[in-house]
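# Examination of the molecular architecture
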Amino acid sequence: MLFNGNKSCGIAKDRLRQLILTDRMGCSPEILEMMKRDMAASMTRYMDIDKDRIQFSIRRNPGRFEASVPLSEISGRHTL
């Protein structure tokens, strides 16, 4: 088989999701990536996160912008 169906399907789905999200937000894919990098840079000061798996979503009712940021590991390095 020339292409792995599951992998290429997942990539296409992620690309479509990103295009829909940027269209709804009224911003370019580049701006969305800059937002991810900025959020990741800020959050890594306080916790270990999986920067490559940050996802954004738009909820219509109620109107809401959400970010899903998976933790790499939970540690006590940043205790209050």
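These figures come from a predicted structure and were not determined experimentally.

A few words now on the overall build of the protein. Helix and strand counts for the protein come out as two helices and four strands. Classification of the 80 residues of the protein by burial places 15% in the buried group. Within the protein, contacts between residues separated by at least 24 positions form 35% of all contacts whose residues are at least 6 apart in sequence. Summed over its atoms, the accessible surface of the protein is roughly 6,600 Å², and 53% of this surface lies on carbon and sulfur atoms.

The terminal C-alpha atoms of helix 2 (residues 29-43), which comprises 15 residues, lie 21 Å apart, in line with the 21 Å expected from a rise of 1.5 Å per residue. Those residues of helix 2 lying buried are Leu32, Lys36 and Ala40. End-on, the buried residues of helix 2 take up no more than an arc of 70°, which puts them together on one face. Looking at helix 2, the residues exposed on the side facing more than 90 degrees away from the buried face are Glu30, Arg37 and Asp38.

Let's shift gears to the environment of lysine 51. With respect to the secondary-structure elements, lysine 51 resides in the loop between strand 1 (48-49) and strand 2 (55-59). A sequence separation of eleven residues divides lysine 51 from alanine 40, and the C-alpha atoms of the two residues are 6.1 Å apart. When sequence neighbours within four positions are dropped, the list of residues in contact with lysine 51 reads Ala40 and Thr44.

Bringing the nonpolar core into the picture now. The biggest cluster of nonpolar side chains holds six residues, and these are Leu21, Leu32, Ala40, Ile49, Ile54 and Phe56. In contact with leucine 32, not counting residues within four places along its chain, are Gln18, Leu21, Thr22, Met25, Cys27 and Phe56.

About the cut-offs
- Residues numbered from 1 in each chain as written.
- Predicted model: local features only at pLDDT ≥ 70, side-chain atom pairs only at ≥ 80, totals over all residues.
- Heavy atoms only, no water.
- Helix = DSSP H or I, 4+ residues; strand = E, 2+ residues; numbered from the N terminus.
- Buried < 20%, exposed > 50% of the residue type's maximum accessible area, 1.4 Å probe, protein only.
- Contact = heavy atoms within 4.5 Å.
- Areas by Shrake-Rupley, 256 points an atom, 1.4 Å probe, with all protein chains shown as cover.
- Expected span 1.5 Å × (residues − 1).
- Arc of directions from axis to C-beta.
- Core = buried A, V, L, I, M, F, W, Y, C linked by side-chain atoms within 4.5 Å.

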